[in-house]
Amino acid sequence: MANLQNERTKKLIFMGFKELLNNKAFSKITINEIAEEAMIHRSTFYTHFDDKYDLLRQYLISQRIDSNFDNNEFFQHPFTTIATINKQDLLPIFKSQNKDFEFRTGFFQFVMDTVMSVNSDKSELDKFFFIGRIKAINL
């Protein structure tokens, strides 16, 4: 029962966070606003997340999981794979957050973590070069 309640609370937080991201710059969003939007107490937020950066990371991970992310395709076609994830809830968020440095930094950290965690035949050095190419194209 507790796990179901935790999942429900996280879902409410994600929904509130998504709404805020569509309307306000990530760097301007506060924990109080997230809690208010999710209709939870501020302390409940901290039960599930360390801070808003942890929330962003976990939200992006949940979107990756929901999109049936293909690890093998990622190295062959990284931007197509990311675009597949974008087709869900992220595209409007990316459009509204494209000028927010903190959001872009958090998203790039998510991409780096994803690349480093993908099981593939690539060496760590190859993965770092891959991350560098993505960063260069992104800039």
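Just above sits the structure.
These lines cover the structure that appears in this document, whether it is placed above or below.

Definitions and limits used
Within each chain, residues carry numbers counting from 1 in the order of the written sequence. For a predicted model such as this one, the threshold for reporting local features is a pLDDT of at least 70, and the threshold for listing and counting side-chain atom pairs is 80 or more; totals across whole chains, interfaces and linings nevertheless cover every residue. Side-chain measures here rest on the full set of heavy atoms in the structure, leaving out hydrogens and waters. The nonpolar core is taken to be a set of buried Ala, Val, Leu, Ile, Met, Phe, Trp, Tyr and Cys residues, with the residues joined through side-chain atoms within 4.5 Å. A simple rule labels every residue: compare its accessible area, found with a 1.4 Å probe on the protein chains alone, to the largest value its type can have, and call it buried under 20%, exposed over 50%, or partly exposed in between. The way it works is that DSSP assigns letters per residue, a run of H or I at least four long becomes a helix, a run of E at least two long becomes a strand, and they are numbered from the N terminus. Contacts are residue-level and defined by heavy atoms, with any inter-residue pair within 4.5 Å sufficient. Given a helix with a known number of residues, its expected span is that number minus one, times 1.5 Å. Should a side-chain nitrogen of Lys or Arg be within 4 Å of a carboxyl oxygen of Asp or Glu, the pair is scored as a salt bridge. Of all possible arcs, the one meant is that of the directions from the helix axis to the C-beta atoms. Classification of ring pairs rests on two measures: the distance between centres of Phe, Tyr or Trp rings, Trp counted by its six-membered ring, which must be within 6.5 Å, and the angle between planes, read as stacked under 30 degrees, edge-to-face over 60 and tilted in between.

**Overview of the nonpolar core**
At step 1: Core analysis: the largest hydrophobic core is formed by 33 residues, its most contacted members being Ile13, Phe17, Ile34, Phe45, Leu55 and Phe103.
At step 2: Secondary structure elements with two or more residues in this core: α1 (2-23), α2 (31-38), α4 (52-66), α5 (71-76), α6 (78-97), α7 (101-117) and α8 (124-138).
At step 3: Aside from chain neighbours lying at most four places away, what touches Ile13 is Ile34, Ala38, Ile40, Phe45, His48, Phe49 and Leu55.

**Focus on α4**
At step 1: Over its 15 residues, α4 extends 21 Å from the first C-alpha to the last, a length consistent with the 21 Å expected when each residue adds 1.5 Å.
At step 2: If you check which residues of α4 are buried, you get Lys52, Asp54, Leu55, Leu56, Gln58, Tyr59, Leu60, Ser62, Gln63 and Arg64.

**As for the pattern of salt bridges**
At step 1: All told, the structure shown has 2 salt bridges when counted by the stated rule.
At step 2: As a salt-bridge pair, Glu33 and Lys24 come within 2.4 Å of each other at their nearest N and O atoms.
At step 3: For Glu33, a relative accessible area of 25% puts it in the partly exposed group.
At step 4: Since its relative accessible area comes to 27%, Lys24 is described here as partly exposed.
At step 5: One salt bridge connects Asp54 with Arg57, and the closest N-O pair in it is separated by 2.8 Å. Residue Asp54 and its partner Arg57 are located together in helix α4, separated by 3 residues, close to a single helical turn.
At step 6: Since its relative accessible area comes to 9%, Asp54 is described here as buried.

**Quick word on α2**
Because each turn of an α-helix spans 3.6 residues, side chains separated by three or four positions end up pointing in the same direction.
At step 1: Within α2, the full set of buried residues consists of Ile31, Ile34, Ala35 and Ala38. The arc enclosing the buried residues of α2, seen along the axis, measures out at 95 degrees, which places them on a common side.
At step 2: Two residues or fewer past α2, Met39 is found with a positive phi of approximately 60 degrees.

**Quick notes on the packing of aromatic side chains**
At step 1: Throughout the structure, instances matching the rule amount to 11 aromatic pairs.
At step 2: Judged by centre distance (6.0 Å) and plane angle (85 degrees), the ring pair of Phe17 and Tyr59 falls under edge-to-face. A residue pair is termed long-range when its members are at least 10 positions apart, and Phe17 in helix α1 and Tyr59 in helix α4 qualify at 42 residues.
At step 3: According to the relative accessible area criterion, Phe17 is buried, its value standing at 0%.
At step 4: Judged by relative accessible area, Tyr59 falls into the buried class, the value being 3%.
At step 5: Arranged with centres 5.8 Å apart and planes meeting at 40 degrees, the rings of Phe107 and Phe110 form a pair that is tilted. Taken together, the residues Phe107 and Phe110, both in helix α7 and 3 residues apart, mark about one turn of the helix. The residues Phe107 and Phe110 share a single accessibility class, namely buried.

**Structural notes on the environment of Arg104**
At step 1: Within the element layout of this structure, Arg104 appears in helix α7.
At step 2: Spatially, the C-alpha atom of Arg104 lies 8.8 Å from that of Phe94, the residues being 10 residues apart in sequence.
At step 3: Not counting chain neighbours up to four residues away, the residues in contact with Arg104 comprise Gln97, Asn98 and Lys99.

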